[in-house]
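Each chain is listed here by its residues.
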Amino acid sequence: MPADLNTVGLVGRLTRDPELRYTAGGEAVCAIRLAVAARTRIDENWEGRPNFFDVSVFGRNGEAAAEHLTKGRRIGVAGRLAWREWQADDGSRREAVQVIASSVQYLDAPRPAEPEPTPVGTGANGKGSPGGDDASL
């Protein structure tokens, strides 16, 4: 009998900044949430509908993801699906499927920091640079 296959590949954007935690054993775990657009045809129109996936990145890759990724960044994730269940505080049983990443690819460049705005009226004549445009008046 052939072995089962559990492989997933996703490309999307982070919906929030990564959250880095450490297990009791000291291993890094970075939690990210990924939005992946899916186009669906409804009547004659195409609509974009996002799918949201929880992704866990372990170890050094998780620490790197927490350091370099921010909300809105486009990434590719390869990994496997993992099903988990737990008991909530109210006693109800909860279930979730998440992606356990084996690799994360950064697909866009980080956004540059916003440049500091140049204050107006800081020159000697109150019009900008010293001498300003009205120096010849």
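Structural notes, computed from the coordinates.

Here is what the cut-offs are and how they apply
- Throughout, a residue's number is its position along its own chain's written sequence, starting from 1.
- In keeping with the predicted nature of the model, local features appear solely for residues at pLDDT of at least 70, side-chain atom pairs appear and are counted solely at 80 or more, and the whole-chain, interface and lining totals rest on all residues.
- To get the side-chain values, take all heavy atoms of the structure and skip hydrogens and water.
- For the purposes of this entry, the term helix denotes a DSSP run of H or I that reaches at least four residues, the term strand denotes a run of E that reaches at least two, and both are numbered from the N terminus.
- The classification of residues rests on relative accessible area computed with a 1.4 Å probe and restricted to protein chains. Under 20% of the type maximum is buried, over 50% is exposed, and intermediate values are partly exposed.
- Two residues form a contact once any of their heavy atoms are found within 4.5 Å.
- Here the open area of atoms and residues is found with the Shrake-Rupley method and a 1.4 Å probe, where only the protein chains shown may cover a residue.
- Salt bridge, as used here, is a side-chain nitrogen of Lys or Arg placed within 4 Å of a carboxyl oxygen of Asp or Glu.
- Think of a patch as exposed residues, more than 30% relative accessible area, with no salt bridge, where like charges cluster within 9 Å and nonpolar side chains (Val, Leu, Ile, Met, Phe, Trp, Tyr) cluster within 5 Å.
- This arc describes the spread of directions from the helix axis toward the C-beta atoms.

### Let's talk about the overall build of the protein chain
Check the secondary structure of the protein chain and you find 1 helix and 6 strands. Secondary structure elements of the protein chain, listed N to C terminal, follow the sequence β-β-β-β-α-β-β. Out of the 137 residues in the protein chain, the part that is buried amounts to 26%. Within the protein chain, counting contacts between residues at least 6 apart in sequence, those at least 24 apart form 52% of the total. Put simply, the protein chain shows about 10200 Å² of open surface, and 50% of that area lies on carbon and sulfur atoms.

### Things to note about the pattern of salt bridges
Tallied over the entire structure, the rule returns 9 salt bridges. A salt bridge links Glu44 to Arg41; the shortest N-O distance between them is 3.5 Å. Across the pair Arg93 and Glu95 runs a salt bridge whose closest N-O atoms are separated by 2.3 Å. Its relative accessible area of 58% is what places Arg93 among the exposed residues.

### A few points about a nonpolar patch on the surface
Together, Leu81, Trp83 and Val97 give the surface a local cluster of nonpolar side chains, amounting to about 300 Å² of exposed area. Examined against the element boundaries, Trp83 turns out to sit in strand E5 (residues 74-87).

### So, helix H1 (residues 59-68)
The complete set of buried residues in H1 reads Gly59, Gly62 and Ala65. Along H1, the residues classed as buried sweep out an arc of 100° about the axis, all on the same side. Exposed positions of H1 whose direction lies more than 90 degrees from the buried face are Arg60 and Glu67. Of the surrounding secondary structure, the elements contacted by the buried residues of H1 are strand E2 (19-22), strand E3 (28-42), strand E4 (45-58) and strand E6 (93-106).

### Some words on the environment of Arg80
Residue position: Arg80 is located in strand E5. For Arg80, a relative accessible area of 44% translates into the label partly exposed. Separated by 73 residues in the primary sequence, Arg80 and Thr7 place their C-alpha atoms 4.7 Å from one another. Setting aside anything within four residues of it in sequence, one finds Arg80 in contact with Asn6, Val8, Gln98, Val99 and Ile100.

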